[in-house]
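Observations on chain architecture
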Amino acid sequence: ITPGLIDENEFLKVINPKADGITEKFEDVFRYADQGLINYIVGLMINKKLIKVQYNDFWEWSESENTRKIKLEDLKLGKSPKFIIHWAGTKQLFFLNNTRSDLIKYFYDEYYKKVKFGNWKKFREMFELRLIASLKTFKHSIINKIRTKK
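To keep things clear, this report deals only with the structure shown in the data block. Predicted model, so just to flag it, every value in this text is computed and none were measured.

This part takes up the overall build of the chain. When you go through the chain residue by residue, the secondary structure sums to six helices and four strands. When its helices and strands are written in sequence order, the chain yields α-β-β-α-β-α-α-β-α-α. Expressed as a percentage of its 150 residues, the buried residues of the chain come to 21%. Considering only intrachain contacts with a sequence separation of at least 6, the fraction spanning at least 24 residues in the chain is 47%. Taken as a whole, the chain presents about 12100 Å² of accessible surface, with 59% of it coming from carbon and sulfur.

To continue, consider a nonpolar patch on the surface. Together, Phe117, Trp120, Phe123, Phe127, Leu131 and Leu135 give the surface a local cluster of nonpolar side chains, amounting to about 730 Å² of exposed area. Take Leu135: it is sitting in helix H6 (residues 118–149).

In this structure, Ile70, Leu72, Leu75, Ile85, Trp87, Leu103, Ile104 and Tyr106 together form the largest nonpolar core, which totals eight residues. With three residues, the top contributor of residues to this core is helix H5 (residues 101–114). Ignoring anything within four residues of it in the chain, the contact list for Trp87 reads Ser62, Asn98, Thr99, Arg100, Leu103 and Ile104. Ranked by size, the runner-up nonpolar core spans seven residues in total, among them Val14, Ile15, Phe30 and Met45.

Turning to the pairing of strand S2 (residues 21–24), a few remarks are in order. Bridging between strand S1 (residues 15–18) and S2 involves four bridges; their strand directions are antiparallel. When the sheet's bridge partners are listed, Pro17 is paired in S2 with Ile22. Between S1 and S2, which follow one another and run antiparallel, lie two residues.

This part covers the pattern of salt bridges. For the coordinates displayed, the defined rule picks out eight salt bridges. In this structure, the salt-bridge partner of Lys105 is Asp109, at a minimum N-O distance of 2.6 Å. Taken as a pair, Lys105 and Asp109 lie in helix H5 at a separation of four residues, close to a single helical turn. Beyond isolated ion pairs, a larger network of salt bridges with shared partners links Lys105, Asp109 and Lys122.

This paragraph deals with unusual backbone geometry. With phi around 60 degrees, Lys49 is a residue other than glycine that occupies positive phi space. Mapped onto the fold, Lys49 is located in the loop between helix H2 (34–47) and strand S3 (59–61). Taking the relative accessible area as the measure of exposure, Lys49 reaches 73% and is therefore exposed. Backbone geometry at Arg100 places phi at a positive 55 degrees, although glycine is not the residue there. With respect to the helices, strands and loops of the structure, Arg100 is situated in the loop between strand S4 (84–86) and H5.

On to the packing of aromatic side chains, then. For the structure on display, the rule yields five aromatic pairs. Summarising the aromatic geometry, the rings of Tyr108 and Tyr112 are spaced 5.1 Å apart at their centres and angled 65 degrees between planes, so their arrangement reads as edge-to-face. Here the residue Tyr108 and the residue Tyr112 both occupy positions in helix H5, the gap between them amounting to four residues, near one helical turn. Tyr112 shares its class with Tyr108; the two are buried. Judged by centre distance (4.8 Å) and plane angle (80 degrees), the rings of Tyr111 and Tyr112 are edge-to-face. Pairwise contacts between aromatic rings join Tyr108, Tyr111 and Tyr112 into one cluster.

Reading the values: rules and limits
- Residues numbered from 1 in each chain as written.
- Predicted model: local features only at pLDDT ≥ 70, side-chain atom pairs only at ≥ 80, totals over all residues.
- Heavy atoms only, no water.
- Helix = DSSP H or I, 4+ residues; strand = E, 2+ residues; numbered from the N terminus.
- Buried < 20%, exposed > 50% of the residue type's maximum accessible area, 1.4 Å probe, protein only.
- Contact = heavy atoms within 4.5 Å.
- Areas by Shrake-Rupley, 256 points an atom, 1.4 Å probe, with all protein chains shown as cover.
- Patch = residues over 30% accessible without salt bridge, like charges linked within 9 Å, V, L, I, M, F, W, Y side chains within 5 Å.
- Salt bridge = Lys/Arg side-chain N within 4 Å of Asp/Glu carboxyl O.
- Core = buried A, V, L, I, M, F, W, Y, C linked by side-chain atoms within 4.5 Å.
- Pairing = 2+ DSSP bridges.
- Phe/Tyr/Trp six-rings, centres within 6.5 Å; stacked < 30°, edge-to-face > 60°.

This is the structure we're talking about:
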């Protein structure tokens, strides 16, 4: 990774920075778009031959056979697989509905055990996630109603 190859101007092509946050210029294309925007910008830069990207296979989907074979007891003993589990695309807002949610919950709980005021912070995070999810659902239901009326 070479820092500085993607500058602010590349992002300004697809986002509108504002004092109260950032909006996407192409909201119909990039919904909830942080990763999508980065993928788009990187793709454009590859096409312009400004950067090169190499694929390294270091992850497994949460539904993969290798992920299914992981034993939670082994993780607790410090025996970890040699890959990262990727939940993107399958990720539920509340991880208990995810494939292998036992693994997510284990690491989530371990993290908050080590954080000062971890129980409080975990509670606050879950509350914020539920609030944000409700607000986003409400926002998009209104947007969809407006679009269907046009």
